[in-house]
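Descriptive analysis of the structure
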Amino acid sequence: MQLYSFLKKNATYLLLITYYLLLNTSCNSTYVSKKRGYFNIDFPARQYVKFDKPGFPYTFEYPVYANIIRDTTYFDNNPEDAYWVNIDFPQFKGRVFLSYKTIGGKSIYKVKGANGTYRDSTGTNQFDKMVADAYALTNKNDVAASSIKDSLIETQNGISGIFFKVGGNAATAKQFFLTDTTKNFLRGALYFNVTPNADSLKPVQDFLQSDLEHIINTFQWKNK
């Protein structure tokens, strides 16, 4: 009874003491930040098959966990675009767009008019212009990119070109072009069907980097 009487008479005082102790403890505790977590990704074992379709001017090896799909975007406009293909990675919601052009050949280009609209126009595939276009398409990522680095490609199969690595939350962090400078020009770009996030995509980007290198190192022209 004495304890009950004491607690009843001093309830307000005890509540203030408790509040003070809790406040003092929280203020002196060490803050530890929590790292942002991402889903664990199970990567498949690397194995490759050869893409060597009759009539195509090039061949290369690609992963067995990818699918080759022909790009039908421009088939009605230009027969040359029949050699445009996509390398799909369904597991990662990723896709490598491969666009091919014959140097000196004809292609459909978008030309901007005085009113700001674009129209289709047939033009000649000039080597210098295609190289400039490849750089221009990469530099379109300037707004979201934290860095853009290019490196020279020289393979044992005599393939040359440029590989671009784009840092930050760019739509495509891996781009490249391959050419023999006289007849063939191919451009590749890796995209993901997700909102660009450099942190969450980094494990997949790093994994597919090796596959891109394998595609490039096994790439060959068939119509030299």
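Residues numbered from 1 in each chain as written. Predicted model: local features only at pLDDT ≥ 70, side-chain atom pairs only at ≥ 80, totals over all residues. Heavy atoms only, no water.

The number of helices and strands found in the protein is four helices and 12 strands. Out of the 224 residues in the protein, the part that is buried amounts to 36%. Sequence separation of at least 24 residues holds for 48% of the intrachain contacts in the protein that already meet a minimum separation of 6. By element, 54% of the accessible surface of the protein is carried by carbon and sulfur atoms, the whole surface being about 14400 Å². (Helix = DSSP H or I, 4+ residues; strand = E, 2+ residues; numbered from the N terminus. Buried < 20%, exposed > 50% of the residue type's maximum accessible area, 1.4 Å probe, protein only. Contact = heavy atoms within 4.5 Å. Areas by Shrake-Rupley, 256 points an atom, 1.4 Å probe, with all protein chains shown as cover.)

Within a pair of aromatic rings, the relevant descriptors are the distance that separates the centres and the angle that separates the planes. Taken as a whole, this structure holds 24 aromatic pairs when the rule is applied. A centroid spacing of 5.9 Å and a plane angle of 80 degrees characterise the contact between Y83 and Y100, whose relative ring orientation is edge-to-face. With Y83 in the loop between β3 (67-70) and β4 (85-89) and Y100 in strand β5 (residues 94-102), the pair connects residues that are 17 residues apart, well separated along the chain. Looking at Y100, the relative accessible area reads 1%, which means it is buried. Ring pairing ties together the aromatic residues F51, F56, Y58, F60, Y62, Y83, Y100, F219 and W221, which thus form one cluster. Geometry around F207 places R46 over its ring, the cationic atom sitting 4.0 Å from the centre. (Phe/Tyr/Trp six-rings, centres within 6.5 Å; stacked < 30°, edge-to-face > 60°. Lys NZ or Arg CZ within 6 Å of the ring centre and 35° of its normal.)

With that settled, the discussion passes to the side chain of S107. Mapped onto the fold, S107 is located in strand β6 (residues 106-112). One polar contact links S107 to N125, side chain to side chain, over a distance of 3.0 Å. (Polar contact = N/O pair within 3.5 Å; in protein donor to acceptor, adjacent residues only side chain to side chain.)

Consider a sheet: its strands pair through backbone hydrogen bonds, and that pairing is either parallel or antiparallel. Read from one edge of the open sheet, three strands run β1-β2-β12, paired in antiparallel fashion. Since the sheet does not close on itself, it has two edges, and those belong to β1 (48-51) and β12 (220-221), each with one partner. Direction of pairing for strand β2 (residues 58-63) relative to β12: antiparallel, over a ladder of two bridges. Bridged to T59 within β12 is Q220. (Pairing = 2+ DSSP bridges.)

Ranked by internal contacts, the top residues of the largest apolar core, which has 32 residues, are Y58, F60, F176, L178 and L186. Those elements that provide at least two residues to this core are β2, β4, β5, β10 (174-179), β11 (184-192) and α4 (198-217). Sort the elements by how many residues they give to this core and α4 lands first, with seven residues. Among residues more than four places away in sequence, those in contact with F176 are L98, I153, I162, F163, F164, L186, R187, G188, L212 and I216. Of all hydrophobic cores here, the second largest spans nine residues; its members include Y109, A134, I162 and F177. (Core = buried A, V, L, I, M, F, W, Y, C linked by side-chain atoms within 4.5 Å.)

For the protein, per-residue confidence averages 78 on the pLDDT scale, and 68% of positions sit at 70 or higher. For the protein, helix α1 (residues 2-9) is the element with the lowest average pLDDT, namely 46, and β2 is the one with the highest, namely 97. (pLDDT = per-residue confidence, 0-100.)

This brings us to the environment of L152. By the secondary structure assignment, L152 is in strand β8 (residues 145-154). On the basis of relative accessibility, which here comes to 64%, the residue L152 falls in the exposed class. Sequence separation of L152 and I162 is 10 residues, and the distance between their C-alpha atoms is 4.8 Å. When near neighbours in sequence (up to four residues on either side) are disregarded, L152 contacts G161 and I162.

The terminal C-alpha atoms of helix α3 (residues 127-139) lie 19 Å apart, and with 13 residues this matches the ideal 18 Å at 1.5 Å per residue to within 8%. Where α3 is concerned, the buried positions are M130, V131, A134 and T138. Projected onto a plane normal to the axis of α3, the buried residues spread over an arc of 100 degrees and lie on a single side. (Expected span 1.5 Å × (residues − 1). Arc of directions from axis to C-beta.)

In this section: the environment of K50. Within the secondary structure, K50 sits in strand β1. Spatially, the C-alpha atom of K50 lies 5.8 Å from that of F60, the residues being 10 residues apart in sequence. The contact partners of K50, leaving out residues within four places of it in the chain, are T59, F60, E61 and Y62.

Looking now at the pattern of salt bridges. Counting across every chain of the model gives five salt bridges. In this structure, D211 and R46 form a salt bridge, with 2.8 Å as the shortest nitrogen-oxygen distance. Of this pair, D211 sits in helix α4 while R46 sits in the loop between α2 (11-28) and β1, placing them 165 residues apart in sequence. On the basis of relative accessibility, which here comes to 0%, the residue D211 falls in the buried class. Classification of R46 by relative accessible area gives partly exposed; the value is 38%. When the shortest N-O distance is used, the salt bridge between D88 and R95 registers 2.5 Å. (Salt bridge = Lys/Arg side-chain N within 4 Å of Asp/Glu carboxyl O.)

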